[in-house]
2 protein chains.
Amino acid sequence: MKLLEERIRRDGVVRGNGVLKVDRFLNHQMDVELFMEMGKEFKRLFEGEEITKILTIEASGIGIACVAAQCFHVPVVFAKKNKTKNIAGDVYTTEVESFTHGKTYDIMVSKEFLNPEDRVLLIDDFLANGAALMGLISLVREAGATVVGAGICIEKAFQPGGDRIRKMGVRVEALARVGSMSEEDGVTFL
Amino acid sequence: MKLLEERIRRDGVVRGNGVLKVDRFLNHQMDVELFMEMGKEFKRLFEGEEITKILTIEASGIGIACVAAQCFHVPVVFAKKNKTKNIAGDVYTTEVESFTHGKTYDIMVSKEFLNPEDRVLLIDDFLANGAALMGLISLVREAGATVVGAGICIEKAFQPGGDRIRKMGVRVEALARVGSMSEEDGVTFL
């Protein structure tokens with residue numbers, strides 16, 4: 001998606017050790033007009049698919065998911081990152097290993113909000129190693145619901161997450177696929 | 001706002017010790033069409049005010065803030081709840097005392113995203129003791145920016161936060177003001 005690629009070129013900042021900072025428009029300050037354009041593009045990409053729910057993960061996926069959901073006319077559910085180990089019995093839960101932060105955490109969704117009839121579109125801001133997205137897929141499958149696909153804003157295509165998840169048979173659509181990046185040369189897209 | 005009050009009556013669940021669960025439509029599963037109606041109502045209430053930015057706090061404020069921001073045509077910034085004590089020097093930060101969870105945590109916003117020229121509308125899902133909202137006000141003032149007011153979805157008006165913040169001279173608009181609630185009799189609105 002040209003609009004997003006241009007915005008990453010203009011406002012993204014490449015840091016050392018594989019960090020792409022996009023907090024000017026995507027995940028700290030949020031440009032909701034850009035979000036609506038991304039929502040329309042997700043809608044175009046998944047046109048013809050029956051989707052009953054959008055699932056994302058707190059915190060930075062929530063804004064994009066909510067704006068995009070206006071194009072799909074479905075509710076959004078966000079998976080909560082569980083801080084405590086006190087998980088009630090009425091939730092689906094799975095463990096996510098964060099490579100960025102070097103630790104594992106649990107994510108959970110109330111059983112009330114994922115049903116076997118649900119056809120779920122996953123939405124998140126980033127796909128890199130795919131740990132968060134695999135966690136979301138696991139929650140949907142635990143509920144007996146169907147994963148229609150994943151709509152991702154920025155895929156770091158030089159990291160293994162995207163390939164790994166596509167090989168699982170899940171359709172992944174990324175609006176900007178970063179092929180390489182460096183502090184000197186900036187970002188190139190696939 | 002009638003629409004929200006009716007929804008709380010229909011889908012809200014009153015639990016013991018002052019908990020009003022609205023996770024069917026507000027803060028776990030999210031009804032984005034309701035969010036747009038709430039956004040329009042915030043726009044109507046703050047009509048005529050110059051607003052340059054919406055500030056909210058992760059996680060459950062983000063969805064409402066992003067959808068509402070489409071009515072205001074301004075960016076959203078969300079304050080992050082800091083898990084680590086390693087705060088870089090380029091952020092505004094303040095401590096929030098959570099009565100609900102019985103602990104304190106830091107919230108932070110990058111200095112890049114709050115400027116003295118900013119006229120900020122605060123948006124959050126709940127106002128009870130007012131700790132989170134006071135934290136947001138403190139961040140805005142630390143930046144030398146102006147708090148235009150606060151748009152709240154549900155105020156528990158029997159708790160002291162709303163009064164406390166109005167007494168500070170901050171305009172608070174709540175779309176539903178809960179006067180009392182109990183497991184037996186449900187919710188009454190002011």
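Residues numbered from 1 in each chain as written. Chains lettered and ligands numbered in written order. Predicted model: local features only at pLDDT ≥ 70, side-chain atom pairs only at ≥ 80, totals over all residues. Heavy atoms only, no water.

Counting its secondary structure elements, chain A contains five helices and 11 strands. In terms of principal-axis extent, the alpha carbons of chain A reach across some 50 × 40 × 30 Å. Looking at the 190 residues of chain A, the share that counts as buried comes to 59%. By sequence separation, contacts in chain A at least 24 residues apart represent 62% of the contacts at least 6 residues apart. Accessible area for chain A stands at about 8,200 Å²; split by element, carbon and sulfur atoms hold 46% of it. Taking the average place of the 25 positive charges on the side chains of chain A and the average place of its 28 negative ones, the gap between the two points comes to 2 Å. (Helix = DSSP H or I, 4+ residues; strand = E, 2+ residues; numbered from the N terminus. Buried < 20%, exposed > 50% of the residue type's maximum accessible area, 1.4 Å probe, protein only. Contact = heavy atoms within 4.5 Å. Areas by Shrake-Rupley, 256 points an atom, 1.4 Å probe, with all protein chains shown as cover. Lys, Arg positive; Asp, Glu negative; His and termini not counted. Charge placed at Lys NZ, Arg CZ, Asp CG, Glu CD.)

To continue, consider helix α3 (residues 61-72) of chain A. All names here are of chain A. The end-to-end C-alpha distance of α3 is 16 Å, a good match for the 16 Å that 12 residues give at a rise of 1.5 Å each. Here α3 lies mainly inside the structure; 12 of its 12 residues are buried. If you check which residues of α3 are buried, you get Gly61, Ile62, Gly63, Ile64, Ala65, Cys66, Val67, Ala68, Ala69, Gln70, Cys71 and Phe72. Directly after α3, the chain includes histidine 73, whose backbone phi takes a positive value near 55°. (Expected span 1.5 Å × (residues − 1).)

What follows is about the interface of chain B and chain A. Across the boundary between the two partners, chain B contributes 31 residues, which contact 31 residues of chain A. Between chain B and chain A the total buried area reaches about 2,700 Å² when both faces are included, carbon and sulfur atoms providing 61% of it. The interface formed by chain B and chain A contains two salt bridges. Counting every contact that joins chain B to chain A gives 13 residue pairs in polar contact (both at pLDDT 80 or more). Contributing elements (two or more residues each) for the side of chain B that touches chain A: β3 (29-30), α2 (32-45), α3 (61-72), β5 (76-82) and β7 (103-110) of chain B. In terms of residue count, the dominant contributor to the side of chain B that touches chain A is α3 of chain B (six residues). The residue inventory of the side of chain B that touches chain A, partitioned by class, reads 17 nonpolar, seven polar and seven charged. Taken together, the two bridges between strand β3 (residues 29-30) of chain A and β5 of chain B define a ladder with antiparallel strand orientation. Looking across to β5 of chain B, one finds that methionine 30 of chain A is bridged to valine 76 of chain B. (Buried area = accessible area lost by both parts, 1.4 Å probe. Salt bridge = Lys/Arg side-chain N within 4 Å of Asp/Glu carboxyl O. Polar contact = N/O pair within 3.5 Å; in protein donor to acceptor, adjacent residues only side chain to side chain. Nonpolar A, V, L, I, M, F, W, Y, C, P; charged D, E, K, R; others polar. Pairing = 2+ DSSP bridges.)

Interpretation in functional terms is not warranted from these geometric data alone.
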